[in-house]
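Topology and contacts: notes
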Amino acid sequence: MAKVSPLMLAPPIIFAGFVIMAAVGMFTTNSTELRSTLIGKPAPAITEANLPGFEPVTAEALATGQVTLVNFWASWCPPCHAEHPKLLEMAADGMPIIGVNFKDRDTAAASYLNEDGNPFVAVAFDPQGRTAIDWGVTAPPETFILDSEGTVLFRFAGPLVGSDYENRFVPELEKALSGQ
C-alpha cells in the first residue's frame, strides 16, 4: 500500500477552505455594503489645506452642534457630477456639507464649483488623497453623516441619487436629524 504524503492533501484542503469562505460571503446580508470602521467613532481630522478661493475646514467644523455631512468628491468624477444637484438642494435646505476634494487639480476643482455652484460650507483640498485614506474612502463620491458631536454615524459610497440613495442614505440622515 502506497503512503500518501501530507503535502498532497494540502491543495484539496486549501481549495475547500476557499469554497467555504466564498459560500459564507455570498450568503451574508448586505454583502454589497462597504462597512466603515469609523462608525460610532469621532471623525478623523481633515486636512486644513483648502481649495484656493474657498473656506478652509477647521477642527471645529466637524462638531458644529448639528448634523453635518462630509462629502469626498473630484471634478473628474462623473458620479460626483450626478449627485451635485442633490448636494446643492441639501445645502439650500440648510444642511451643512463639508467638501473634501481629492486626487484632483485645484484649478479644475475650483472651476467646477464656480461654474456649477458650491454646496459646501468649507472645502478641503487633498491632492494626494491622504485624508481620504484616513477616512477609508475607496472612490469618489463618498458621503459621511456626522452627529452634532462629530461622531461618524453612517458612510454612503456612491452618488446621492437613485433608489440606493432613497433606500439607504435618506433613512439614515432622517434618523440622525431626529436624534435617534
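Higher on the page you've got the structure.
Before going into details, it helps to say that this report is about the structure given with it. (Residues numbered from 1 in each chain as written. Predicted model: local features only at pLDDT ≥ 70, side-chain atom pairs only at ≥ 80, totals over all residues. Heavy atoms only, no water.)

**Describing the overall build of the protein chain**
- Tallying secondary structure elements over the protein chain gives five helices and five strands in all.
- Of the regular secondary structure in the protein chain, the N- to C-terminal order runs α-β-α-β-α-β-α-β-β-α.
- Rg of the C-alpha trace for the protein chain: 21 Å, well past the compact-globule value of 16 Å for 180 residues, more than 25% over.
- When burial is assessed residue by residue, the protein chain has 41% of its 180 residues classed as buried.
- For the protein chain, the proportion of contacts with a sequence separation of at least 24, taken over those separated by at least 6, is 73%.
- Separation between the mean location of the 10 positive side-chain charges and that of the 20 negative ones in the protein chain comes to 15 Å. (Helix = DSSP H or I, 4+ residues; strand = E, 2+ residues; numbered from the N terminus. Rg over C-alpha atoms; globule rule 2.2 N^0.38 Å. Buried < 20%, exposed > 50% of the residue type's maximum accessible area, 1.4 Å probe, protein only. Contact = heavy atoms within 4.5 Å. Lys, Arg positive; Asp, Glu negative; His and termini not counted. Charge placed at Lys NZ, Arg CZ, Asp CG, Glu CD.)

**Notes on the packing of aromatic side chains**
- Taken as a whole and assessed by the stated rule, the structure comprises nine aromatic pairs.
- Relative to Phe169, the ring of Phe156 has its centre 5.6 Å away and its plane inclined at 65°; by these criteria the two rings are edge-to-face. With Phe156 in strand S5 (residues 152–157) and Phe169 in helix H5 (residues 162–178), the pair connects residues that are 13 residues apart, well separated along the chain. Accessibility classification places Phe156 together with Phe169 in one group, the buried group.
- Aromatic ring contacts, followed pair by pair, group Phe72, Phe102, Trp135 and Phe144 into a single cluster. (Phe/Tyr/Trp six-rings, centres within 6.5 Å; stacked < 30°, edge-to-face > 60°.)

**Side note on the packing of helix H2 (residues 78–92) against helix H3 (residues 106–116)**
- Their axes nearest at 12 Å, the elements H2 and H3 cross at an angle of 50°. The pairing of H2 with H3 is recorded here as oblique in orientation. The two elements H2 and H3 meet at a crossing, and its hand is right-handed. Only Tyr112, Leu113 and Asp116 of H3 make contact with H2, whose side of the interface consists of Cys80, His81, His84 and Leu88.
- Counted by class, the contact of H2 with H3 contains four nonpolar, two polar and one charged residues. (Axes fitted to C-alpha atoms, helices over the stretch in contact; angles between N-to-C directions. Parallel < 35°, antiparallel > 145°, perpendicular 65-115°, else oblique. Left-handed = near helix turned anticlockwise from the far one by under 90°. Nonpolar A, V, L, I, M, F, W, Y, C, P; charged D, E, K, R; others polar.)

**Here's the deal with the nonpolar core**
- In terms of nonpolar packing, the biggest core is built from 28 residues, with Met90 and Phe169 touching the most fellow members.
- Looking at this core, the elements with two or more residues in it are strand S1 (68–73), H2, H3, strand S3 (122–126), S5 and H5.
- Among the elements that take part in this core, H5 stands out by supplying five residues, more than any other.
- Excluding anything up to four places from it in sequence, Phe169 contacts Leu69, Met90, Thr143, Ile145, Phe154, Phe156, Leu160 and Asp164. (Core = buried A, V, L, I, M, F, W, Y, C linked by side-chain atoms within 4.5 Å.)

**Let's talk about the environment of Phe102**
- With respect to the helices and strands, the residue Phe102 is situated in strand S2 (residues 97–102).
- In the structure, Phe102 is positioned 98 residues away from Val4 in sequence and 56 Å away in space, judged by C-alpha atoms.
- Residue contacts for Phe102: discarding those within four places in its chain leaves Phe72, Trp73, Ala74, Trp76, Asp126, Gly129, Ala132, Val137, Ala139 and Pro140.

**Observations concerning the sheet that holds S2**
- Pairing is mixed across the open sheet formed by five strands, whose spatial order is S3-S2-S1-S4-S5. Among the strands making up the open sheet, the edge pair consists of S3 and S5. When strand polarity is set aside, the average angle formed by the axes of neighbouring strands in this sheet is 15°.
- Across the sheet, H2 is in contact with S1, S2 and strand S4 (142–146); its angle to S1 comes to roughly 160°.
- Packed onto the sheet, H5 meets S1, S4 and S5 and runs at close to 165° relative to S5. (Pairing = 2+ DSSP bridges.)

**Some remarks on the pattern of salt bridges**
- Enumeration over the complete set of coordinates arrives at four salt bridges.
- A salt bridge links Lys86 to Glu89; the shortest N-O distance between them is 3.2 Å. Here Lys86 pairs with Glu89, and both are found in helix H2, just three residues apart, close to one helical turn.
- Put simply, Arg155 and Glu142 hold a salt bridge, and the shortest N to O gap is 2.8 Å. Note that Arg155 is positioned in strand S5 and Glu142 in strand S4, a separation of 13 residues in sequence. (Salt bridge = Lys/Arg side-chain N within 4 Å of Asp/Glu carboxyl O.)

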